[in-house]
Amino acid sequence: MRIILYIVGSLILLGALCYAATLIGIEPVWVGVIGAVILGLGIMGAARTGSRRAIGDDTATTVINKVE
């Protein structure tokens, strides 16, 4: 669920910044570049958030199994 929220938040940020960039007169090519960078950072952040949670869950299970 966190990954979905992270991606949705990144898309909202992407849309807002691209809209603001067009309002202040930045060329469409640079708006596209900014959009691609923000989208890439959002995807990388979502992947990092999901992988950290999965690793933590596996470690906790391993520790519980060793205690028993």
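As the structure is a prediction and not an experimental result, all values here were calculated from the model.

**Things to note about the overall build of the protein**
The helix and strand tally for the protein stands at two helices and zero strands. Of all 68 residues assigned to the protein, the portion counted as buried reaches 18%. Total accessible area on the protein is roughly 5,300 Å²; 73% of this is exposed by carbon and sulfur atoms.

**Some remarks on the nonpolar core**
One finds L14, C18, A21, V31 and I38 forming the largest nonpolar core, which totals five residues. Looking at this core, the elements that each hand over two or more residues are α1 (2-23) and α2 (28-67). With residues near it in sequence (within four places) discarded, A21 still touches I26 and V31.

**Quick word on the side chain of S10**
Mapped onto the elements of the fold, S10 is located in helix α1. Look at S10 and you get buried, because its relative accessible area is 15%. Not counting the four nearest positions on each side in its chain, S10 is found in contact with I38 and G42.

**Regarding a nonpolar patch on the surface**
Among the surface-exposed residues, V29, W30, V33, V37, L41 and M44 lie close enough to one another that they form a single nonpolar patch of about 620 Å² accessible area. Note that W30 resides in helix α2.

**Concerning α1**
Under the 1.5 Å per step criterion, the end-to-end length of α1 is 32 Å for 22 residues, consistent within 8% with the ideal 32 Å. Trailing α1 by a residue or two, G25 shows a phi angle of about 95 degrees, which is positive.

**Some details on the environment of I43**
Position of I43 among the secondary structure elements: in helix α2. Owing to a relative accessible area of 52%, I43 belongs among the exposed residues under this scheme. Expressed as a C-alpha distance, the spacing of I43 and S10, which sit 33 residues apart in the sequence, is 8.3 Å.

**Focus: the environment of V33**
In this structure, V33 sits in helix α2. Take V33: its relative accessible area is 37%, and that puts it in the partly exposed class. It is 9.8 Å that separates the C-alpha atoms of V33 and C18, two residues lying 15 residues apart in sequence.

How each quantity is defined
Residues numbered from 1 in each chain as written. Predicted model: local features only at pLDDT ≥ 70, side-chain atom pairs only at ≥ 80, totals over all residues. Heavy atoms only, no water. Helix = DSSP H or I, 4+ residues; strand = E, 2+ residues; numbered from the N terminus. Buried < 20%, exposed > 50% of the residue type's maximum accessible area, 1.4 Å probe, protein only. Areas by Shrake-Rupley, 256 points an atom, 1.4 Å probe, with all protein chains shown as cover. Core = buried A, V, L, I, M, F, W, Y, C linked by side-chain atoms within 4.5 Å. Contact = heavy atoms within 4.5 Å. Patch = residues over 30% accessible without salt bridge, like charges linked within 9 Å, V, L, I, M, F, W, Y side chains within 5 Å. Salt bridge = Lys/Arg side-chain N within 4 Å of Asp/Glu carboxyl O. Expected span 1.5 Å × (residues − 1).

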